[in-house]
Amino acid sequence: MSTDLHSPLDTATAIRTRRSVPFGRLSAEQPEIPEALVWTLLEAAHWAPSHGNTQPWRFGVFTGAGRARLAEVLATSMAAHKGLTDANAEAVAELHAAQQATQAQAPVWIVVAAKTPAITKFPPQEEDWATAAAIQNLLLAARAHGLGSKWMTNAAVMHPATLPALGFEEGCRPIGLVYLAQVDEWPEGRRDPVAGQVMWVRE
Ligand SMILES: Cc1cc2nc3c(=O)[nH]c(=O)nc-3n(C[C@H](O)[C@H](O)[C@H](O)COP(=O)(O)O)c2cc1C
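Rules and cut-offs
Residues numbered from 1 in each chain as written. Predicted model: local features only at pLDDT ≥ 70, side-chain atom pairs only at ≥ 80, totals over all residues. Heavy atoms only, no water. Helix = DSSP H or I, 4+ residues; strand = E, 2+ residues; numbered from the N terminus. Buried < 20%, exposed > 50% of the residue type's maximum accessible area, 1.4 Å probe, protein only. Contact = heavy atoms within 4.5 Å. Salt bridge = Lys/Arg side-chain N within 4 Å of Asp/Glu carboxyl O. Near = heavy atom within 4 Å. Polar contact = N/O pair within 3.5 Å; in protein donor to acceptor, adjacent residues only side chain to side chain. Areas by Shrake-Rupley, 256 points an atom, 1.4 Å probe, with all protein chains shown as cover. Nonpolar A, V, L, I, M, F, W, Y, C, P; charged D, E, K, R; others polar.

S.K.: Would you explain the environment of Tyr 179 in this entry?
M.R.: Structurally, Tyr 179 is set in strand β4 (residues 172–182). For Tyr 179, a relative accessible area of 1% corresponds to the buried category. Sequence separation between Tyr 179 and Val 108 is 71 residues; the distance between their C-alpha atoms is 5.7 Å. Look past the residues within four positions of Tyr 179 in its chain and what remains in contact with it is Val 21, Pro 22, Phe 23, Leu 26, Ala 106, Val 108, Trp 109, Gly 148, Ser 149, Lys 150 and Met 152.

Here it is in structure tokens:
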């Protein structure tokens, strides 16, 4: 992890080597990520484009003991998603324990949401797209600073109860959950040749 607040990797290399790093490839020892570095990554996200410069992204950052609060909310949402009730106390308790263990695996978790302004000329999905661009900025900046990450959109993150329970303002839609962590081994990644997905009109 580089704590130099200027990006130590060029853009092309950061784009090419950014990977969604699974928990199994994270370092066993997870040093704390300095708050100044997290702010640097949030600033990078904040410089994403948005139609009309609405800056619709909202971030909830969970570190230290705050991760237990995130785990609590995600486990409750997952239980609701699975239709579990008080009658399934054991299954619910297992979900909570598993979620706490998940959050403990990375030192920084960021819930990202898109907020549509009360009055807007633009379709709401444009706010979602802009927020997705902000997430990509954040992932690339993390890679440039030597940090692994993953963007997740599982049922718990996307559940309608999650953002209100975490204290996000009204009118926010979930766009993802990102973790940041020290990496042991970077996955290689795989892409098909881009030409298969390009239509190029020359005349
Ligand atoms: C919108 C979005 C949602 C994703 N959700 C998940 C997820 O819930 N769980 C997961 O393991 N990976 C998730 N990913 C990561 C993708 O699986 C990953 O980007 C893809 O396999 C390509 O690998 P790479 O990111 O290493 O290039 C998500 C990625 C995006 C862009």
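S.K.: In this structure, what is going on with the pattern of salt bridges? I would like to understand it.
M.R.: Where side chains of opposite charge bring their charged atoms close, a pairing between them can arise. Under the defined criterion, the tally for this structure stands at five salt bridges. Note that Glu 185 is salt-bridged to Arg 25, the shortest N-O span being 3.9 Å. Placement of the pair is Glu 185 in the segment after β4 and Arg 25 in the loop between α1 (11–17) and α2 (35–46), with a sequence separation of 160 residues. For Glu 169, the salt bridge identified is with Arg 58, shortest N-O distance 2.8 Å. Taken together, the residues span a long stretch of sequence, with Glu 169 in the loop between α7 (162–166) and β4 and Arg 58 in strand β1 (residues 57–63) at a distance of 111 residues. The exposure class assigned to Arg 58 is partly exposed, which follows from its relative accessible area of 25%. What emerges from the salt-bridge pattern is a single network uniting Arg 58, Lys 115 and Glu 169.

S.K.: Teacher, can you tell me more about the site of the ligand here?
M.R.: As a matter of local geometry, the ligand sits amid Arg 18, Arg 19, Ser 20, Lys 150, Trp 151, Met 152, Thr 153, Asn 154 and Arg 191. Between the ligand and Arg 18 there is a distance of 2.9 Å, counted from an oxygen atom to a side-chain nitrogen or oxygen. At 3.0 Å, a backbone N or O of Trp 151 approaches a nitrogen atom of the ligand. In isolation the ligand offers 620 Å² of accessible surface; the protein chains occlude 55% of this area. Tallied by class, residues from the shell around the ligand come to two nonpolar, three polar and four charged.

Read these as layout, nothing more, since geometry by itself doesn't imply function.
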